[in-house]
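Listed here are the chains, written in short residue letters.
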Amino acid sequence: LGISVLTPRLGLFFWRESGTSYSAPFVANLAAKIIKKYPTISMQAVKAIIINSATQPTLSQKFDVVPKPVLKRLLGKGIPDEGLCLNSTENEVTLLIEGKIDPETIQSYKLKLPDYLARSDRKVALLEFNATLCFKFKPLQYTQYTYCPIHIGFGIFRNKDLSSINGGTAGDTFDDISGEQKTEGYALSEGWSQDPYYKDKLLCNCQKMRFTVSKKKILDEDSTFKVVVSSKFSKLLSARQKRDYLHEFEFSLVVRVKENPKGGQFSGSLYEGLVVENDLITLAQGDASTDAIAEADIE
């Protein structure tokens, strides 16, 4: 793990070093390729696309003794995949939503899945979702806990009313005695990407999640999910500080959807199905109202 670099030592032309800073020229090259192919997207979108494609490398046993915090600093967000950054395939599709949101509001985008998935022979983990959110903000200086003054989180949820998602329970609830399901939560698999409003946790402007969805959940929701974005002030901001952030904040949300067919036999094109069902030609211009609760189709 690492890279061979030129050295200043006589008789030793190269040595092997590791560190995230060495990746800068490689990531810059990849970013330039993305911008060349998609010149209208924002830099936050470029960042989200690269991070969304990245996976952690498999390390040799000699790294077992390295503390996890040190490994995390060394590996960063992982190794990006150039192919995933630049192109979708017939059965693995990258969607981009670029929008704006006011603090203390919530908005959603409907994601309609192609009908052919309902005929798939695979029942478990039929679809895999990899989603990444990035947003920009003006930081508050000289304070660690309010450096990121705005919380923007996201989730991919069941096809429920947005008010239910905003105020409901994420997971299903069951009777303690009978074990029967009492209420159905709004979460498909994961809840919010980051929801630290009532927790002692630093806010982050780059969030990523991965989960799979079964065929049953697709059928239960009539092949329609909701991509939801929520924004709140940091709970540590004073009233005066909040006034400086009473404006819209831009965000870029990348959602990569992958089909996992049974036996490798695809029954349709996920790419074509998503394009037909969601009118993805103008996806990057997805717009939602700035009311306290707003809903929109992906368009």
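Caption draft 1: Region of interest: the sheet that holds strand 11 (residues 249–259). Pairing is antiparallel across the open sheet formed by 4 strands, whose spatial order is 3-11-5-9. Either end of the sheet is taken by a strand with one partner, and the two such strands are strand 3 (92–101) and strand 9 (206–213). On average, each strand axis in the sheet is inclined to that of its neighbour by 15 degrees, with strand direction left out of account. With 9 bridges joining them, strand 5 (residues 127–135) and strand 11 adopt antiparallel strand pairing. Looking at the pairing, Leu 127 lines up with Glu 259 of strand 11.

Caption draft 2: Focus on the confidence of the model for the protein. The predicted model of the protein averages 83 in pLDDT, with 84% of residues at 70 or higher. Under a pLDDT of 50 for its full length, residues 281–299 has, in the predicted model, 52 contacts with residues more than four places off or in other chains.

Caption draft 3: Structural view of the packing of aromatic side chains. Across all of its chains, the model carries 7 aromatic pairs by this definition. Taking 6.1 Å as the distance between ring centres and 50 degrees as the angle between the ring planes, the aromatic pair formed by Phe 135 and Phe 137 counts as tilted. Both rings, one in Phe 137 and one in Tyr 147, keep their centres 5.8 Å apart while their planes meet at 85 degrees; by these two values the pair is edge-to-face. Linking Phe 137 in the loop between strand 5 and strand 6 (150–157) with Tyr 147 in the loop between strand 5 and strand 6, this pair joins segments that are 10 residues apart in sequence. A network of ring pairs unites the aromatic residues Phe 129, Phe 211 and Phe 225 as a single cluster.

About the thresholds
- Residues numbered from 1 in each chain as written.
- Predicted model: local features only at pLDDT ≥ 70, side-chain atom pairs only at ≥ 80, totals over all residues.
- Heavy atoms only, no water.
- Pairing = 2+ DSSP bridges.
- Helix = DSSP H or I, 4+ residues; strand = E, 2+ residues; numbered from the N terminus.
- Axes fitted to C-alpha atoms, helices over the stretch in contact; angles between N-to-C directions.
- pLDDT = per-residue confidence, 0-100.
- Contact = heavy atoms within 4.5 Å.
- Phe/Tyr/Trp six-rings, centres within 6.5 Å; stacked < 30°, edge-to-face > 60°.

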